[in-house]
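A look at the structure
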Amino acid sequence: QLQASGGGLVQAGDSLRLSCAASGRTFSSYAVGWFRQAPGKGREFIAAISWSGGARSLKDRFTISRDNVKNTVYLQMNSLKPEDTAVYSCAARRSTIISYYSHEYDYWGQGTLVTVSS
């Protein structure tokens, strides 16, 4: 029901925009978050956005946004660094309020791999 896309191999300093597309139901009233997991590390919260567009991001270089008409949430990532290399996943929460905690999300999409070379 959630599908993340847009990952790939880029060089340090490049930008990427990830997309999280929902199907089967509308997620316009749900909060949506982006998380990432680097090799050998735990899942890390990146950003989240509420149904109304209120957003939180722990990375100044990353911006989350949503288009409720397209049922899609985006993660714009700028000035990418090698340490940003990870599998990025999106998740939706049956709540209008965002959360920083992965266990509070109800639906998860298959991740997309981002690899940043130096």
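The present account deals with the structure reproduced in this document. From a predicted model like this one, the values you see are computed outputs, not experimental measurements. For every chain, the first residue of its written sequence is number 1, and the numbers climb from 1 along that sequence. Per-residue local features of the predicted model are confined to residues with pLDDT of at least 70, and side-chain atom pairs are confined, for both listing and counting, to 80 or more; whole-chain, interface and lining totals are unaffected and use all residues. Calculation of side-chain values draws on the structure's entire complement of heavy atoms; hydrogens and water are dropped beforehand.

1. Focus on the sheet that holds strand 3 (residues 16–22)
- A pair of strands is treated as paired once DSSP finds two or more bridges between them. In this text, helices come from DSSP runs of H or I with a minimum length of four residues, and strands from runs of E with a minimum of two, each type numbered from the N-terminal end. One open sheet accounts for 4 strands, arranged 1-3-8-7; its pairing is antiparallel. Where the open sheet ends on each side, the last strands, each with one partner, are strand 1 (2–5) and strand 7 (62–67). Neighbour to neighbour, the strand axes of the sheet diverge by 15° on average, direction disregarded.
- Alignment of strand 1 against strand 3, held across 4 bridges, turns out to be antiparallel. Across the sheet, residue Gln-3 finds its bridge partner in strand 3, namely Ala-21. Orientation is described by axes fitted as lines to C-alpha atoms, over the contacting stretch for helices, and by angles from 0 to 180 degrees between their N-to-C directions.

2. Considering the side chain of Ser-19
- Structurally, Ser-19 is set in strand 3.
- Each residue is placed in one exposure class: buried if its accessible area under a 1.4 Å probe, protein chains only, is under 20% of its type's maximum, exposed if it is over 50%, and partly exposed if it falls in between. Under the relative-accessibility criterion, Ser-19 is labelled buried at 17%.
- Every residue pair with non-hydrogen atoms within 4.5 Å of one another is taken to be in contact. Sequence-distant contacts of Ser-19, defined by excluding residues within four places in its chain, comprise Gln-3, Ala-4, Ser-5, Trp-34, Thr-72, Val-73 and Tyr-74.

Everything listed here is a matter of geometry and, on its own, says nothing about what the molecule does.
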